[in-house]
Amino acid sequence: MTSSPTDDSPDAARPLSPPPAVVLELIQQQRDSYLNRLFELLRIPSVSADPAFSQDVYRAAKWMATTFEGMGLKTQFLKTSTHPIVLAESPHVPDAPTVLVYGHFDVQPADPLDEWISPPYDPTIRDGNIYARGATDDKGQMLTHVFSTEAWLKSHGKLPLNLKFLIEGEEESGSVALAELMAGKYNDQLGCPVEEKLACDVVVISDSSQFGPGYPAITYGLRGIISFELTLFGPKQDLHSGTFGGAVANPVNALMRVMAAFQDDYGKVLIPGFYDDVQELSDTERQQWQALPFSDDDFMHQVGVPATFGEPGYSTIERCWSRPTMDINGISGGYQGEGGKTIVPAKASAKFTCRLVPRQDPNKIAAAVKQLVQVRVPQMFRYQLKVGHAAAGIVVPLDSPFMLAAADAIEVGFGKPPVLIRSGGSIPIVSQFKDRLGADTLLLGWGQNDDNTHSPNEKFSVEDFHRGIVSSAALWQALADHAARH
Ligand code: BES
Ligand code: ZN
C-alpha cells in the first residue's frame, strides 16, 4: 500500500501467515475447473435491465444457490419484487471476524451485438483473456471469493473466519430489491431482522479494477449516481415536416435545447446548486494521485479519442474519481431507420445520469433537476421526468486494520503491494452497508480499466482471475490474523 505503517506500529510484525499450503495447492490444481464453472455462469444472459431476460437472471440465481449448497454453506434463495437475491453462510467459527462478501450475477445488455468478435454469451479465451458479457463485471470477479472459500473448505476442512455471501441479480439496474431487503421488507423470508442476518465486521467486494497492469489496487472511494429519463410529447402522431414543420413545435428540437442547458462547453454541470456540497480535493490526495503512473496519451489511445475533455483545472484522474458529472446515456425520438424520413416527431426522450461525489445528496440533486426541467421545457409540451435509482458516493477510511489485511492478501496473490485509488464507477448498495450495518467496505478490484465493461468485447484476464482467487484465499487468513491481533 502506498501509505505503509511505520516500524513502531503494531503491524511491524508483518508478514502475516499465508493461507495453508493445501489451500493454495488446490487452487492451482483447480485452475481449469474454475474456468469451466465461470463459463457455465457466463453462458446465462442474466441482463437485469430487460424483462425479456428475467428467466435468465433467475437461472443465474439458481446457479449461485446450487454452487453454495454444493460447498456445504447454509443457503437462502430470496424471491423479491424484482430479481432474486442469494445468501449463503459458512459454518460458524467462534471468536473470529465476520465478513460479508457482496457481488452480482446480473449483467449489462450486450448490444451492439455486431461489434462482438465472439458472441457475448459464448465465453471464449483469446490472448489470455476470457471474452464474455459479465466476464469481469461481475461474474468472474465475484466467483474468485466463492472458489477461494470452496478451496479452503475442501482442502483444509474449515475457514479461519465467518463468511456471509450476499449475491444479487440487479446491481446493474440500481439494486432495487436489495435496497428493499436492507430496509427490512424481506425479514420474514430471512427469518430475522436484516441487520442481524447481514451483521458483519467488514464488507468485501470485487467489482472494480486494478490501477493498471502490474498495479493491483485497493479502491477507497466510489462515485454515487442518480438516473433520469425525460420525455417530451409533441403532436399526437408523427407529422409531415413539410406540411406542418414550422407551425408545430418539434419535441426533438426542444429536447436538445433542454438537455443543452445541463452542461457548458467544458463539461461543467449547470444544474443550479449542483456543486454546493462538493468538497475540493485535499493537497495530499491530489499529490498522491499525481504520483500514480498515468498518461493522458495512453488514456486517449485506450478510449479512441483525439483529446481529453472536462472541467478546466482538473487532471483526467481527478475528473474521473472526484468530480461529479452529467452524461446523457441515450437519446431517442423521430426516425432512426435507413435513409431519411421528413417528419416532426411525436415525442423525444433522453436517459441521463449524474455521477455524484461524497456529500452530494441524491435527493437534493433530483429536486434541482426537476426544477431545471420545469423551467426549461417550453410550455406547449407535456412532459414526464422519471427519477430512477440513486446512490450516494462513498470514501472508506484508509487507517482500518482491514486495509492492512487486504494489502497483505493482494501481495500474496499479485506479488506486489496495492496502490490506493478511487474510482468513478458506482456500486449503489455500498453506502447502505455503512448506514445500516455500520460496516466499511473493502473494494478489491481484480479487473483492468480496459476490460470493456458495459461495452462490446468485455474481457477478464485468466491470470487476474487466478490471482484474484489466490488473493481472496489469502484475505480470509489475513483478516482472521488481523482480528486476532487487535
Ligand atoms: N462494476 C461496476 C462499478 C464500478 C465500475 C466500480 C468501475 C469501479 C469502477 C458496477 O457493476 C456498475 O457498473 N455499476 C453501475 C451502477 C448503476 C447502474 C446504478 C454503474 O456504475 O454504472
Ligand atoms: Zn457494471
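What you see is a predicted model; the values in this text were computed from it and never measured.

What counts, and where the lines are drawn
Residues numbered from 1 in each chain as written. Chains lettered and ligands numbered in written order. Predicted model: local features only at pLDDT ≥ 70, side-chain atom pairs only at ≥ 80, totals over all residues. Heavy atoms only, no water. Pairing = 2+ DSSP bridges. Helix = DSSP H or I, 4+ residues; strand = E, 2+ residues; numbered from the N terminus. Axes fitted to C-alpha atoms, helices over the stretch in contact; angles between N-to-C directions. Patch = residues over 30% accessible without salt bridge, like charges linked within 9 Å, V, L, I, M, F, W, Y side chains within 5 Å. Areas by Shrake-Rupley, 256 points an atom, 1.4 Å probe, with all protein chains shown as cover. Salt bridge = Lys/Arg side-chain N within 4 Å of Asp/Glu carboxyl O. Buried < 20%, exposed > 50% of the residue type's maximum accessible area, 1.4 Å probe, protein only. Near = heavy atom within 4 Å. Polar contact = N/O pair within 3.5 Å; in protein donor to acceptor, adjacent residues only side chain to side chain. Nonpolar A, V, L, I, M, F, W, Y, C, P; charged D, E, K, R; others polar.

**Quick notes on the sheet that holds strand E11 (residues 325–333)**
Part 1 of the reasoning: Taking strand neighbours across the sheet as the criterion, the 4 strands line up as E11-E13-E9-E14 in an open arrangement whose pairing is antiparallel. Whereas interior strands pair on both sides, the edge strands pair on one side only; in this sheet they are E11 and strand E14 (382–391). Each strand axis lies, on average, 15° off the axis of its neighbour in the sheet, ignoring direction.
Part 2 of the reasoning: Inspection of the sheet shows strand E9 (residues 224–233) paired to strand E13 (residues 347–356) by 10 bridges, in the antiparallel sense. Within the sheet, the bridge partner assigned to Thr 231 lies in E13 and is Ser 349.

**A short note on a nonpolar patch on the surface**
Part 1 of the reasoning: A contiguous nonpolar patch, built from Met 256, Ile 328 and Ile 331 and spanning about 250 Å² of accessible area, is present on the exposed surface.
Part 2 of the reasoning: On the secondary structure map, Ile 328 appears in strand E11.

**Brief notes about the pairing of strand E8 (residues 217–222)**
Part 1 of the reasoning: Most of E8 sits inside the fold, with 6 of its 6 residues counted as buried.
Part 2 of the reasoning: Direction of pairing for E8 relative to strand E16 (residues 419–423): parallel, over a ladder of 5 bridges. Residue Leu 222 lies in a different strand from E16, and its bridge partner there is Ser 423.
Part 3 of the reasoning: By the bridge criterion, 2 bridges tie E8 to strand E15 (residues 394–395) in an arrangement that is antiparallel.

**Describing the site of ligand 1**
Part 1 of the reasoning: The local shell around ligand 1 holds 17 residues, among which Asp 137, Glu 171, Asp 207, Arg 355 and Ser 426 are the closest.
Part 2 of the reasoning: Measuring from an oxygen atom of ligand 1, one finds a side-chain N or O atom of Glu 172 at 3.0 Å.
Part 3 of the reasoning: Within the contact set of ligand 1, a nitrogen atom lies 2.8 Å away from a backbone nitrogen or oxygen of Asp 207.
Part 4 of the reasoning: Tallied by class, residues from the shell around ligand 1 come to 4 nonpolar, 8 polar and 5 charged.

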